[in-house]
Amino acid sequence: MAASAGPEIERLIGLLSKLPGLGPRSARRAALALLKRREQLLEPLAASLAETAAKVRSCSVCGAPDTRDPCAICSDDARDGALICVVEEAGALWAMERSGAFRGRYHVLGGLLSALDGVGPEALRVAELVQRAGAGTREVVLALPATVDGQTTAHYLAERLAGSGVEVTSLARGVPVGGDLDWLDDGTIVQALRARRPA
Ligand code: ZN
């Protein structure tokens, strides 16, 4: 057992280790890096975290994090409000935005259906999507991961949206199986979006 670094630092390490991709060992390294670079890293990060916690909320329309509600995308009149792209999390939205290929709006589900993890439709922003689809939407593009849960969710949403009069499409499979959207290069996203097909 390693000697304790003191309760404050242990707490910092404990919180850091809950971040995706950081285990206890890398959390320790990150904590040390922060402590070593107090002015360049630790203090600006603390201020940024406090500001984010105080100002950033989920958009009540699409679920994306932003400092305003509705968010910048939902309040942008230059975007096609009748075209909605459904993503798992905001990371996929940011990837789509980096590609610059999509001029519609988004709907962030907040996760995927998962029988294994006991995630049902009520845990996701499904009802909100069905409601938006019924309110003047022309097309819903399902941009969900090519994983079992992603495809289960896509099927479920296509069924829920059938009969609402909207066209439901999916990204073409330039997206690698098991691939997370936010890992893709912009060109792949542009292609997958252009070649979308009925879901
Ligand atoms: Zn929004």
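Residues numbered from 1 in each chain as written. Predicted model: local features only at pLDDT ≥ 70, side-chain atom pairs only at ≥ 80, totals over all residues. Heavy atoms only, no water.

### Observations concerning the sheet that holds strand β7 (residues 197-198)
Strand-to-strand pairing in sheets goes through backbone hydrogen bonds, with the strands running parallel or antiparallel.
Here's step 1: Strands sit in the order β4-β3-β5-β6-β7 across an open sheet of five strands; the sheet is mixed. Each edge of the open sheet is held by one strand with a lone partner, namely β4 (104-108) and β7.
Here's step 2: Across two bridges, strand β6 (residues 167-170) lies against β7 in antiparallel orientation. Bridging across to β7, Thr169 finds its partner in Pro198.
Here's step 3: Those strands touched by helix α5 (residues 126-133) are β3 (80-87), β4 and β5 (139-142), and its axis lies near 155° from that of β4. (Pairing = 2+ DSSP bridges. Helix = DSSP H or I, 4+ residues; strand = E, 2+ residues; numbered from the N terminus. Contact = heavy atoms within 4.5 Å. Axes fitted to C-alpha atoms, helices over the stretch in contact; angles between N-to-C directions.)

### Some details on the nonpolar core
Here's step 1: Cys85, Met96 and Phe102 are the most contacted members of the largest nonpolar core, which has 24 residues in total.
Here's step 2: Contributions of two or more residues to this core are made by β3, α4 (90-99), β4 and α7 (186-194).
Here's step 3: Excluding residues within four positions of it along the chain, Met96 makes contact with Cys85, Ala101, Phe102, Tyr106, Leu181, Ile189 and Leu193.
Here's step 4: Listed in part, the 18 residues of the second largest apolar core include Val126, Leu129, Leu144 and Ala154. (Core = buried A, V, L, I, M, F, W, Y, C linked by side-chain atoms within 4.5 Å. Buried < 20%, exposed > 50% of the residue type's maximum accessible area, 1.4 Å probe, protein only.)

### Digging into the side chain of Ser170
Here's step 1: Within the secondary structure, Ser170 sits in strand β6.
Here's step 2: You can call Ser170 buried: its relative accessible area is 7%.
Here's step 3: Excluding anything up to four places from it in sequence, Ser170 contacts Leu142, Arg196, Arg197 and Ala199.

### Some details on the coordination of the zinc ion
Here's step 1: Looking at the zinc ion, one finds its protein donor set to be Cys59 (SG), Cys62 (SG), Cys71 (SG) and Cys74 (SG), positioned 2.3 Å from the metal centre.
Here's step 2: Geometry at the zinc ion is tetrahedral, judged from the four donor atoms that bind it and their angles of 106 to 114° at the metal. (Donors = N, O, S within 2.8 Å, 3.2 Å for Na, K, Ca; no water. Tetrahedral: all angles 85-135°; square planar, octahedral: opposite > 155°, others 65-115°.)

### Quick notes on the pairing of β4
Side-chain positions along a regular strand alternate between the two faces of the sheet.
Here's step 1: Where burial is concerned, most of β4 is hidden: five out of the five residues are buried.
Here's step 2: Here β3 runs beside β4; their pairing, made up of five bridges, is parallel. Looking at the pairing, Ile84 lines up with Arg105 of β4.
Here's step 3: The parallel pair β3 and β4, bridged by α4, forms a crossover whose chirality is right-handed. (Right-handed = clockwise from strand over helix to strand, strands pointing away.)

### Topic: the confidence of the model for the protein
Here's step 1: The pLDDT averaged across the protein works out to 91; a share of 94% of its residues lies at or above 70.
Here's step 2: Looking across the protein, the model is least confident in α7, with a mean pLDDT of 74, and most confident in β4, with 98. (pLDDT = per-residue confidence, 0-100.)

### Details of the pattern of salt bridges
Here's step 1: According to the stated counting rule, one finds seven salt bridges in the structure shown.
Here's step 2: Here Glu43 makes a salt bridge to Arg38, at a shortest N to O gap of 3.0 Å.
Here's step 3: Overall, the relative accessible area of 41% leaves Glu43 in the partly exposed class.
Here's step 4: Taken together, the shared-partner salt bridges connect Asp76, Arg79 and Glu97 into one network. (Salt bridge = Lys/Arg side-chain N within 4 Å of Asp/Glu carboxyl O.)

### A closer look at the layout of surface pockets
Here's step 1: Estimated volume of the largest pocket: approximately 220 Å³.
Here's step 2: Forming the walls of the largest pocket are Leu12, Leu15, Leu16, Leu19, Leu34, Leu42, Leu45, Ala46 and Leu49.
Here's step 3: Looking at the lining of the largest pocket, the element that brings in the most residues is helix α3 (residues 38-55), giving four residues.
Here's step 4: Along the lines of polarity and charge, the residues of the lining of the largest pocket split into nine nonpolar, no polar and no charged. (1 Å grid on protein atoms, 1.4 Å probe; cavity = no way out; pocket = protein on both sides within 12 Å on 5 of 7 lines; lining within 4 Å. Points joined across faces, edges and corners; volume = space filled by probe spheres on them. Nonpolar A, V, L, I, M, F, W, Y, C, P; charged D, E, K, R; others polar.)

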